[in-house]
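Coordinate analysis (summary)
Listed here are the chains, written in short residue letters.
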Amino acid sequence: MLAAVFAMPATAETVAIVGGTVVTGNADAPIVGGTVIIDGGKIRGVGGSDVAVPAGARVIDAKGKWVTPGIFAGMSFIGAAEVNAVDDTNETRASKSPFSAAIDLSPGINSASSSIAVERLGGITRAAVTPIASREIFAGQGVVISLAKGLDTVTTRQAFQFVELGENGAETAGGSRPVAYLNFRNALREAIRYAANPGAYTEGRDRDALLTRMDVAALVPVVKGQQRLLVHVESAQDILNVLALRTEFENLKLVLVGVREGWRVAPQIAAARVPVIVQPMLDNPNSFEALASTRSNAGRLVAAGVNVALGILEQDASFQARNLTHYAGNLVAQAKVPGGVGLTWAQAMRTITSAPASIFGMSDTGFLGSAQRADVVVWDGDPLELTSAPTDIFIDGVAQPMTSRQTELRDRYLGLRLQDAPLAYRR
Amino acid sequence: MRNLTLAALLLTAACTTTPRPQANRPAPGSQEVLAIPADPFPSTYRAYPSVTTVIRNVNIYDGKGGKIIGGAVRLENGKVAEIGQTVATPANARIIEGQGKWLTPGIIDIHSHLGDYPAPGVQAHSDGNEATGPNRSEVWAEHSVWPQDPQFTRALAGGVTTLHVLPGSANLFGGRGVTLRNVLGRTAQDMKFPGAKPSLKMACGENPKRVYGSKGQSPATRMGNIAVARQVWSDAQSYKRRWEDYTRRAKAGSAKPTDAPRRELANDTLMGVLNGDILLQQHCYRADEMANIIAMSKEFGYKVTTFHHAVEAYKIADLMARENICGAVWADWWGFKMESYDGINENAAFLQAAGACTVIHSDDADGIQRLNQEAAKAAAAGRRAGIPLPPELVWQWVSLNPAKGLGIADQTGSLEPGKRADVVLWNGEPFSVYSRPEVVWIDGAVMYDSADPNKRPVTDFELGQPGKGDTK
C-alpha cells in the first residue's frame, strides 16, 4: 500500500488515452474512438485514432469509456472546511473579524482536507471556492483551486470578490435592501477616494469612512474592473437592480450568483453580457426572493444567450460538487418534461467545464485542446449518468490517486471480516 | 386490558372516520372505565376518483424485487388489480401504451419535514423542532403540517406518493411523526394515511447534547443523552403500570373515574411505543451510539423500527440485520458535522449485503424529489465495491422497505394485487439521470401528469405569485 503511494508519479508523465469517447467540452460532437495525448502537464493532442501516440507514452485503453475535461465546480467550499459544523475546521466564515472585503481565502485552503480527494473522485479537478459573508455584505476574496494531491492547491488567489445584495445582504447590512445598496455604494465610493488619496487612510480609516483601510484597498480592483465581482442575488428585481449598478460604477466586472429567478429577466442578463453561476436543482419557493424557482432556469438562461455555469452555493450536504455531473444530467432530463426547458447534453457538459473556466478567466482549462492544462478525466460510462465514475483522473498532467479517506473506510468494512484483531489493525 | 381497548380503537380507526367514544360506556351498575383515545385527530383522507387503467408494453420494477420487461398492470377501484406479462383489459379501461417507459410503485420517503418546515422557509414557518426540552414526546408533527406547503407538489412530481413527516432532532424525544398521502388537502388530517401507526422520533448524538448543553442543562454529553433518555423510559414504564393497574381495577369495579391516572401527553406517546402501537424512528449517526440505543431499547422493552441517517450503519450492518432494524440512509451525505465524518457512498449497499432492511431517505425538500437518483448513486457505489445489486432489488429501497419501516407494507410499497394503486410511470429507466415521472397515481387517481398542466397542483401560497403553475 505504501509502496503504491510512493510509486505514484509525482510529476507529469506522457500519457496516451486511446479508444474512448472524447468530449472536448466545447460543445462539439464527441469523438468516438478518440485519442488524447498528455505530456509535460499539457494536452498535446486531441482527435481521432489518427493522432500519433508518442514513443514511450503510457497508454490508457479507454475503449468503452468516456474522456472529458476535468469538471470545474463554478462554486464550492472544497478545501475550506473539513467538517462544516466544526468551527475549528471551517475557514469560510469569520463573524468575529472586523474585516470583510480584504479577507483573502487563500490561507484558509487546506491542501490536506479530505474533501479534496472525495470531490476529486467525482471528477472535479478545479473549483472556485468562496468565503461566506458574515458581518458585512462583502464576503471577501475567493480562490480557484486545483484538486490535485499535494500542497499546491491554490491555483488563483484573489480570483474574485463576493458580495451579498439580496435577502442575505439586506440582513447583513442592517435589515433592508436599501441599506445593503447604500453600504455597497458607500464602499465603492470610498475605494475610489482611497485610490485617489491613500494617505487619507493613514489612521486606519478616513475620517468619515466606514471601512477599514485594508477593506477599502481591496475594493479598488473591484471598482476599476480589475477583479471580478460575484454578486449573490436571487429575485428578478434584485438582478435588475444589480445590473443597474453599472450606471454608477461602469467598470464592474459582474458575475451573478444564485439568480433563481434569472429566467424572468434572461434577456436583460444576456444583454448586459453578465455570466451567471447557478445551483440548477432548486425549484422550491424557499424564500420570497426565489418564488419563481424552477429547474428550467438554466435552460432558459442558456437559450437567451447567457453564459451559465453550475456551482454549489450553500454549505449543505444535500448538494455536493461531486454531483455536479448529475445536476447537469438533470438539465438534459428537464428538456424532455413538457413545458420544461433544459439543455442539450453538450450544453450541459459545458456548464461544468468550459463555462466556469471562462467565467473565472482560466482560458487554459475547461476543454480538451492543444496546449491546455491536462485536466482530464476518464469515466467508466456517460459522465452525466448517476452510475458512472472516473477510472483515471489527471490534473496538470499528473495521474491522481483514486482513493480517499472514504475508500479506505469502505475497504476496511467491506464484507465485515471480523477476524483475530480489531478492525483498527487493518489498513 | 388497556392494550385491548387501544387495539380495538386502532382497528376502529382503520375502518371508519366517525368519532369514537372517549371512554367505554359502563354496563348499568358498574364503573365507567376511562381509556386514552387512540386517534383523536383521525384521518379524513379520501381517495380521488379513478378510472380502470391498463398500462401495457411497459417495463416494470414491481418494488418487491421483481422485474418485468414489456409487461402490464391494471389499476382498478384504486387498487392494483393485476400485474404480469399481460393483464385482462376491460372494455372501459383507459389504456396507456408504455413502450420505452417504466412503471414502479410510488416512492415512499420515510424521513421528511415537508409541511413542518415549509417553503418559504421564513422564521414564522419554522415548526419542526419544539426545542424547549429534551423530552417533547407530547408534540405531534402533524400539528405543524401546513398543507399549503408547495414542497409537497415538487415531491409529487418526483414520484413520491407517501411520506413520513417527523419532528426535528433537537430533542432526545422529538415527538410523534405522521405518515401522509402526498395528496394536498385543506387540513393535515386530509392527508393522513388512514390507519398508519404514528411514530416517535428520537435523536441521539450531537444535536440534543448541543441544544441543551448550550443552555447549561442536561443532556450536555453523549452519556447525558443516554441517561436522560433512560430516566424518561423508566418514568414511562411507571405511567404504563399506573394505567394498567387503574384499568384492571376499573374493570373489576373497584376504581372510580376519579381514580384514573392524570393524562400525561408525553407519556401517552411513550406508553404507545412500549405497547407497540407507536413505531420508534431513531435518528442516529454513529455505529457505537446505535449499539447503545439498541441496548437501551432492550432494557425498556421496546423496538427500534428504523435508524435514520445511520451514516455509520455500514460498520454494524450485521447487528442491524440481526436486530431486524431498518437503516434509512442518504446516498452520499457526509462531513457536514462531526458525526457524519465517516460517511461512505457504499453505506446502503453494505446494509443490503448484510441482509438488513435498507432504505434511502431524504430528510430534505430537494432530495425528496429525486430519491430514485439517490438510490441509483448508492447502488452504483455498491456495485463498484463488488456487491451485486440488480436494479429491481434496489427499487425496494425507496418503496417496500420504507413501507416496512412505517408499518404500511401491507397496503403500499409494491405492485401487488389488492394494494393501493400508488404507481409512477417514468419516461425512461427510473435509475437514469435522464428519466422523470410522467404520470403519478395515488390510490388509482391521477394526481400528476407531466403532459397536463391541470394535473400539476398549485398550492394556495403560489397563487398570484411569479412562476405559478410553471414546470418546476
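Residues numbered from 1 in each chain as written. Chains lettered and ligands numbered in written order. Predicted model: local features only at pLDDT ≥ 70, side-chain atom pairs only at ≥ 80, totals over all residues.

The name recorded for chain B in an unreviewed UniProt entry is Amidohydrolase, from Glacieibacterium frigidum.

In the nomenclature of an unreviewed UniProt entry, chain A is known as Amidohydrolase family protein of Glacieibacterium frigidum.

**Notes on helix 7 (residues 287-300) of chain B**
Residues and elements named next belong to chain B. Definition in use: We count a stretch as a helix when DSSP gives it H or I for four or more residues in a row; a strand needs E for two or more, and each element gets its number in order from the N terminus. Helix span, as expected, comes to 1.5 Å for every residue beyond the first. Note on burial: count the other C-beta atoms lying within 10 Å of the residue's C-beta; 20 or more is buried, 12 or fewer is exposed, in between is partly exposed, and C-beta positions come from the backbone. Within this analysis, the arc is defined by the directions that extend from the helix axis to the C-beta atoms. By the convention adopted here, residues are in contact when the distance between their C-beta atoms, placed from the backbone, does not exceed 7 Å.
Between the first and last C-alpha of helix 7 there are 20 Å, a value that for 14 residues agrees with the 20 Å anticipated at 1.5 Å per step. Along helix 7, the positions that sit buried rather than exposed are Ala 287, Glu 289, Met 290, Ile 293 and Ile 294. Projected down its long axis, helix 7 shows its buried positions confined to an angular sector of 160 degrees, all on one face. Across helix 7 from its buried face, at more than 90 degrees, point the exposed residues Asp 288, Ala 295 and Glu 299. For helix 7, the secondary structure elements touched by its buried residues are helix 5 (222-251), strand 12 (279-284), strand 13 (304-309) and helix 8 (317-323). Looking one or two places after helix 7, you find Gly 301, whose phi comes out positive at around 75 degrees.

**A short note on the domain arrangement of chain B**
The following threshold applies: For the domain bounds, the source is a domain assignment made automatically or taken from a database.
Partitioning chain B into domains gives domain 1 (2-34) and domain 2 (107-412). Taking only C-alpha atoms into account, the centre of domain 1 of chain B sits 28 Å from that of domain 2 of chain B.

**So, the sheet that holds strand 12 of chain B**
All names here are of chain B. Put simply, the test is: Strands were regarded as paired on the criterion that DSSP finds at least two bridges between them. All axes here are fitted lines through C-alpha atoms, helices being fitted over the stretch that makes contact, and every angle between N-to-C directions spans 0 to 180 degrees.
The strand order across the open sheet formed by eight strands is 8-9-10-11-12-13-14-15, and the pairing between neighbours is mixed. Lying at the two open borders of the sheet, with one neighbouring strand each, are strand 8 (107-112) and strand 15 (358-360). Ignoring strand direction, the axes of neighbouring strands in this sheet form an average angle of 25 degrees. Relative to strand 12, strand 11 (residues 199-203) runs parallel, the two being bridged by five bridges. Bridge pairing in strand 12 places Ser 199 opposite Leu 279.

**Section: the packing of helix 5 of chain B against helix 6 (residues 265-274) of chain B**
Residue and element names in this part refer to chain B. What counts here: By definition in this entry, angles of less than 35 degrees are roughly parallel, angles greater than 145 are roughly antiparallel, angles of 65 to 115 are roughly perpendicular, and the rest are oblique. Three classes are used, and their members are as follows: Ala, Val, Leu, Ile, Met, Phe, Trp, Tyr, Cys and Pro are nonpolar, Asp, Glu, Lys and Arg are charged, and the others, Gly among them, are polar.
For the pair helix 5 and helix 6, the least separation of the axes is 9 Å and the interaxial angle reads 85 degrees. By the angle between their axes, helix 5 is roughly perpendicular relative to helix 6. Contact with helix 5, carried on its side by Val 232, Trp 233, Asp 235, Ala 236, Gln 237, Tyr 239, Lys 240 and Trp 243, involves Asn 267, Leu 270, Met 271 and Leu 274 of helix 6 and no other residues of that element. Along the lines of polarity and charge, the residues of the contact of helix 5 with helix 6 split into eight nonpolar, two polar and two charged.

**Digging into the pairing of strand 11 (residues 254-258) of chain A**
Residues and elements named next belong to chain A. For the record, the criterion: With its strands directed away from the observer, a crossover is right-handed exactly when the path from the first strand over the helix to the second travels clockwise.
By the criterion of burial, strand 11 is predominantly enclosed, with five of the five residues buried. When strand 10 (residues 228-233) meets strand 11, the two strands line up parallel, connected through five bridges. Note that in strand 11 the partner of Val 233 across the bridge is Gly 258. The parallel pair strand 10 and strand 11 is bridged by helix 7 (residues 236-244), and the resulting crossover is right-handed. Inspection of the sheet shows strand 11 paired to strand 12 (residues 276-278) by two bridges, in the parallel sense. Note on strand 12: the bridge partner recorded for Val 257 is Ile 277. As a crossover connection, the stretch from strand 11 through helix 8 (residues 266-271) into strand 12 is right-handed.

**Description of the domain arrangement of chain A**
Residues and elements named next belong to chain A. Split into domains, chain A comes out as domain 1 (2-68 + 386-403) and domain 2 (71-364). On the side of domain 2, 15 residues touch domain 1, which itself brings 14 residues to the contact. The greatest single-element share of the side of domain 1 that touches domain 2, amounting to three residues, is contributed by strand 15 (residues 390-395). Class assignment for the residues of the side of domain 1 that touches domain 2 results in nine nonpolar, four polar and one charged.

**Some details on the interface of chain B and chain A**
Contacts between the two partners involve 50 residues from chain B and, on the opposite side, 45 residues from chain A. Elements supplying a minimum of two residues to the side of chain B that touches chain A: helix 2 (151-157), helix 8 and helix 10 (371-384) of chain B. The leading source of residues in the side of chain B that touches chain A is helix 10 of chain B, at five residues. Along the lines of polarity and charge, the residues of the side of chain B that touches chain A split into 22 nonpolar, 13 polar and 15 charged.

**Focus: the nonpolar core**
What counts is decided by this rule: In plain words, the nonpolar core is the set of buried Ala, Val, Leu, Ile, Met, Phe, Trp, Tyr and Cys residues that C-beta atoms within 7 Å link up.
Membership of the largest hydrophobic core comes to 275 residues, with the highest contact counts inside it found for A:Ala73 and A:Leu256. Among the elements that take part in this core, helix 5 of chain B stands out by supplying nine residues, more than any other. Every residue in contact with A:Leu256, bar those within four places of it in the chain, is listed here: A:Val231, A:Val233, A:Ile239, A:Val242, A:Ile269, A:Val274 and A:Val276.

**Side note on the sheet that holds strand 8 (residues 138-146) of chain A**
Residues and elements named next belong to chain A. Strands sit in the order 6-7-8-9-10-11-12-13 across an open sheet of eight strands; the sheet is mixed. Each end of this open sheet is capped by a strand with a single partner; those strands are strand 6 (71-76) and strand 13 (308-310). Sheet twist, expressed as the average angle between the axes of neighbouring strands with direction ignored, equals 25 degrees. Of the strand pairs in this sheet, strand 8 and strand 9 (residues 154-164) are connected by six bridges, and their pairing is antiparallel. Within the sheet, the bridge partner assigned to Gly 140 lies in strand 9 and is Phe 162.

**Considerations on the UniProt feature "domain: Amidohydrolase-related" (unreviewed entry) in chain B**
To be explicit about the condition: UniProt positions are given in the numbering used here, feature names are shortened, and annotations may be inferred rather than shown by experiment.
Using the residue numbers shown here, the UniProt feature "domain: Amidohydrolase-related" (unreviewed entry) corresponds to residues 103-444 of chain B. For residues 103-444 of chain B, the end-to-end C-alpha separation is 14 Å, with 32% helix and 17% strand making up the annotated structure.

**Some points on the pairing of strand 12 of chain B**
Within a regular beta strand, the side chains point alternately toward one face of the sheet and then the other, so they alternate between its two faces. All names here are of chain B. Among the six residues that make up strand 12, six are buried, leaving the element largely enclosed by the rest of the structure. In strand 12, alternate side chains face the same way, and those of Leu 279, Gln 281 and His 283 on one face and Leu 280, Gln 282 and Cys 284 on the other are all buried. Taken together, the five bridges between strand 12 and strand 13 define a ladder with parallel strand orientation. Paired with Cys 284 across the two strands is His 309, which belongs to strand 13. Read from strand 12 through helix 7 to strand 13, the crossover connection turns out right-handed.

**A look at unusual backbone geometry**
All names here are of chain B. Cis rather than trans, the peptide bond between Ala 119 and Pro 120 has omega equal to 0 degrees. Relative to the elements of secondary structure, Pro 120 occurs in the loop between strand 8 and helix 2. Following Ser 218, the chain continues into Pro 219 via a peptide bond in cis, with omega recorded as 0 degrees. Position of Pro 219 among the secondary structure elements: in the loop between helix 4 (206-213) and helix 5. A positive phi angle is found at His 309, which is not glycine, with a value near 80 degrees. Even without a glycine there, the phi angle at Asn 324 is positive, about 60 degrees. Here Asn 324 is to be found in the loop between helix 8 and strand 14 (326-329).

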